[in-house]
Amino acid sequence: MRQERLPLLLALALLLLLASTCVFRVAEDQLALRLRFGGDVIADNYAPGLHFKWPWGIDEVRLYDRRVQDFALLAEPLRTRDSVPLRTDISLYWQVTKVAEFHRAAGESGSAAIGQVAQKVRESVRAAVARADLNGVLSIDADRLGREALEAARGPAADMGVTLVAVQLTSLTPGEDMSEQFAERMRQGFTATALQLRAGGTEEAQKIRAEAEAKRGEILARAQREAAATRGQADAEAARIDARTFSRNPEFQVFWHRLETYRRTLGTANDVLVLGPDNDFLKYLRAPSGR
Amino acid sequence: MAWNNPKDEEQGARRSGAGGGGGWRGFRLRLRGQGLALSGLGIALLLLLIASTCYYQVDDAGRGVVQRFGRLQRVDAPGGHWHWPWPVESTTVVNVARAIELPLNSELLTSDGNLLEVNLNLQYLQADPVKALFRVQSLDAVLRDAGHAALRDAIARRTMASLLTGAREPALDEGLRQAIQRRLDVFDCGVQMRSAAVAEIRVPASVVAAREDIDKARQDADKLASDARAYAATLVPQAEAEAQRIVQQAGDDKRERVAKAEADAARLAPVLAEYAVAPAATRNRLYEDTMADIYARSRKVYVDLKPGNGNVVYLQLDKLLQPSNAAAAGSAATGTPGVSIESVPEGGTHSAAATGPAGAAPAIGPAGAPPANAAPVAAPKPDPRLADESRGRERGVR
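First things first, this report covers the structure right here in the doc. (Residues numbered from 1 in each chain as written. Chains lettered and ligands numbered in written order. Predicted model: local features only at pLDDT ≥ 70, side-chain atom pairs only at ≥ 80, totals over all residues. Heavy atoms only, no water.)

Structural notes on the side chain of Asp 242 of chain A
Moving on, step 1. Position of Asp 242 of chain A among the secondary structure elements: in helix H6 (residues 178-245).
Moving on, step 2. A distance of 2.6 Å separates polar atoms of two side chains, one belonging to Asp 242 of chain A and the other to Gln 253 of chain A. (Helix = DSSP H or I, 4+ residues; strand = E, 2+ residues; numbered from the N terminus. Polar contact = N/O pair within 3.5 Å; in protein donor to acceptor, adjacent residues only side chain to side chain.)

Considering the packing of helix H7 (residues 208-277) of chain B against helix H8 (residues 279-297) of chain B
All names here are of chain B.
Moving on, step 1. The interhelical angle for the contact between H7 and H8, taken along N-to-C directions, is 130°, at an axis separation of 5 Å. Considered as vectors, H7 and H8 are oriented oblique to each other. The segment H7 lies against H8, with Val 271, Glu 274, Tyr 275, Ala 276 and Val 277 engaging Pro 279, Thr 282, Arg 283 and Leu 286.
Moving on, step 2. Considered class by class, the residues forming the contact of H7 with H8 number six nonpolar, one polar and two charged. (Axes fitted to C-alpha atoms, helices over the stretch in contact; angles between N-to-C directions. Parallel < 35°, antiparallel > 145°, perpendicular 65-115°, else oblique. Contact = heavy atoms within 4.5 Å. Nonpolar A, V, L, I, M, F, W, Y, C, P; charged D, E, K, R; others polar.)

With respect to the sheet that holds strand S6 (residues 69-79) of chain A
Residue and element names in this part refer to chain A.
Moving on, step 1. The strand order across the open sheet formed by three strands is S6-S7-S8, and the pairing between neighbours is antiparallel. Each edge of the sheet is formed by a strand with only one pairing partner; in this case those strands are S6 and strand S8 (162-174). Each adjacent strand pair in this sheet contributes to an overall mean axis angle of 20°, direction not counted.
Moving on, step 2. Pairing analysis gives nine bridges linking S6 to strand S7 (residues 85-96), with the strands arranged antiparallel. Paired with Glu 76 across the bridge in S7 is Thr 88. (Pairing = 2+ DSSP bridges.)

Topic: H8 of chain B
Moving on, step 1. When the terminal C-alpha atoms of H8 of chain B are compared, their 27 Å separation across 19 residues agrees well with the 27 Å that a helix rising 1.5 Å per residue should span.
Moving on, step 2. Thr 282, Leu 286, Thr 290, Met 291, Ala 292, Asp 293, Ile 294, Tyr 295 and Ala 296 of chain B are the residues of H8 of chain B that are buried. (Expected span 1.5 Å × (residues − 1). Buried < 20%, exposed > 50% of the residue type's maximum accessible area, 1.4 Å probe, protein only.)

A closer look at the pattern of salt bridges
Moving on, step 1. Scanning the model with the defined rule gives 41 salt bridges over all chains in all.
Moving on, step 2. Taking the shortest distance from any N to any O, the salt bridge between Arg 126 of chain A and Glu 76 of chain A comes out at 3.6 Å. Taken together, the positions of Arg 126 of chain A in helix H3 (residues 115-131) and Glu 76 of chain A in strand S6 put the pair 50 residues apart, joining distant regions of the chain.
Moving on, step 3. Accessibility expressed as a relative area gives 35% for Arg 126 of chain A, which makes it partly exposed.
Moving on, step 4. Classification of Glu 76 of chain A as buried rests on a relative accessible area of 9%.
Moving on, step 5. With its nearest N and O atoms 3.5 Å apart, the salt bridge here joins Arg 218 of chain B to Asp 215 of chain B. Placement of both Arg 218 of chain B and Asp 215 of chain B in helix H7 is noted, with a separation of three residues, approximately one turn of the helix.
Moving on, step 6. When salt bridges that share partners are traced, they join Arg 198 of chain A together with Asp 213, Lys 216 and Asp 220 of chain B into one network. (Salt bridge = Lys/Arg side-chain N within 4 Å of Asp/Glu carboxyl O.)

What follows is the structure, given as structure tokens:
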């Protein structure tokens with residue numbers, strides 16, 4: 001019984017296997033291509049889902065990713081107009097839109113073929129950077145640069161059935177051994193700033209001191225003024241008292257004060273009086289008559 | 001790499017499906033060996049196994065994206081769901097509600113050509129699970145590139161100084177978020193930027209020392225200024241105190257002066273009264289008192305020199321004045337009238353007389369010597385009235 005059934009079962013299995021090669025699945029993120037005898041493209045507009053084809057040996061299906069993919073250009077050397085070496089990373093985003101053309105152009109190499117498109121992008125960016133000096137490059141509008149590079153590469157990409165989605169400049173740093181030179185420049189800048197800060201501190205300190213001293217001078221001057229006025233008042237007061245005292249005898253006032261002055265100025269141990277023979281003070285020393 | 005998580009789950013699901021298949025084959029072989037008695041149970045178990053691959057759970061933050069033969073079928077909400085077993089349907093659970101974090105680190109040039117290292121933290125949502133799954137090959141790469149590009153752009157627009165100051169502009173973060181979102185929108189990949197936050201901006205390690213010197217310089221400058229301020233803070237109050245002292249002194253002087261004037265006036269009142277009665281006598285008396293005082297306290301040189309007698313007296317005035325300072329203190333202190341010509345130290349010792357020009361000049365007697373005849377005399381003037389007069393003088397001063 002089993003030996004009778006075996007060929008039947010084998011034939012059935014073979015048939016099933018053949019039938020399974022007549023069905024193919026296209027995922028939501030895939031593009032499919034049906035090839036007749038491994039060469040001519042029969043159909044290329046398959047929606048996602050289950051599709052039928054002629055069995056193995058006749059039709060062949062190729063699946064491609066329809067999602068946006070990125071191609072990175074890393075550490076691309078650039079040189080500005082003033083010969084500053086820079087390095088840049090560029091991301092190129094692309095998508096297969098015409099699968100038949102992409103299949104024809106890229107073939108088995110697949111996404112690696114996008115390198116030719118990337119070359120265009122690289123050249124475009126390099127040319128834009130070479131047109132500007134360092135400051136110009138730093139202030140470059142990276143979005144516009146990306147758009148320009150994208151435009152430049154659009155044609156070659158379209159020839160491959162590829163649409164370019166975006167070109168992004170993700171990094172732009174000093175290239176080659178320029179890092180140390182940039183660092184040195186920064187160090188110099190920092191040193192200058194530090195010097196400036198210290199000078200500013202000294203200046204401010206001097207200003208504060210000068211202001212304080214000016215204020216001090218002002219305060220003291222005001223005090224001196226006030227003191228002088230007070231002393232003037234004292235003089236006036238004393239003079240007034242004196243004048244009142246001597247109001248009836250102005251001549252006696254002079255006499256009195258002059259005697260005071262003599263006493264104060266002459267009557268000290270420092271003075272040496274040289275007395276002549278006619279000195280009135282000594283007249284009684286000479287004779288009781290005074291002559 | 002959160003993007004990969006749903007993929008991993010999917011692959012896990014597929015693997016478990018394949019494992020089920022292997023178990024099925026082994027089971028069947030065993031059935032063969034033991035006969036058909038258990039075949040009914042075997043089929044039931046097999047169905048159960050297949051059924052178990054048809055059930056899946058979608059967590060609260062996720063959405064189940066179901067593909068039937070690769071074609072998008074539906075998107076399941078959180079909860080338990082059934083789908084057809086492999087190879088008909090497959091489900092990928094995408095996290096839509098939980099923010100995914102992506103830290104970026106980059107070395108960038110500022111607008112003034114300085115190199116900075118920046119850490120940027122991104123948070124994003126895969127708001128649209130279908131787009132997140134099918135629009136781009138690597139969501140992670142797209143986000144990284146968009147983040148780096150936006151950051152590079154933002155840093156290149158700013159100076160190093162503005163970026164390094166402690167208080168960074170809050171607009172920087174929000175601007176970055178928007179710039180990244182704008183870049184993502186080009187891809188229509190269903191990603192929503194929750195936030196972009198610059199976590200750290202630092203200078204490259206090789207210039208850190210120079211950079212730190214700025215902080216030190218700032219401290220130095222602050223110190224200088226604060227020292228000056230401290231100086232000013234003491235100087236002004238000192239000046240005010242000094243000013244107060246000056247004013248006060250003037251006030252004191254004034255009071256003293258006025259008091260003295262009033263005292264003088266009071267003292268004068270009797271004198272004036274007397275003067276009114278006997279002017280001449282009062283004047284003479286006052287004059288004599290004063291003269292007595294002056295003569296008593298002064299040193300004196302008597303020169304008997306009549307015009308035309310032919311003698312020349314040589315008086316060394318500087319010598320006369322020289323000892324005055326030394327003598328002054330002594331004589332003032334003792335109250336003794338110092339009377340001398342030559343430098344005579346206090347106490348009347350005569351040693352100096354030998355050095356003086358004694359021979360040339362007419363005899364010059366030291367203090368205390370009796371007056372010589374017909375010669376210039378320098379004599380002490382013992383004054384019997386001394387006591388009275390000095391009293392009178394003191395009265396006069398008062």
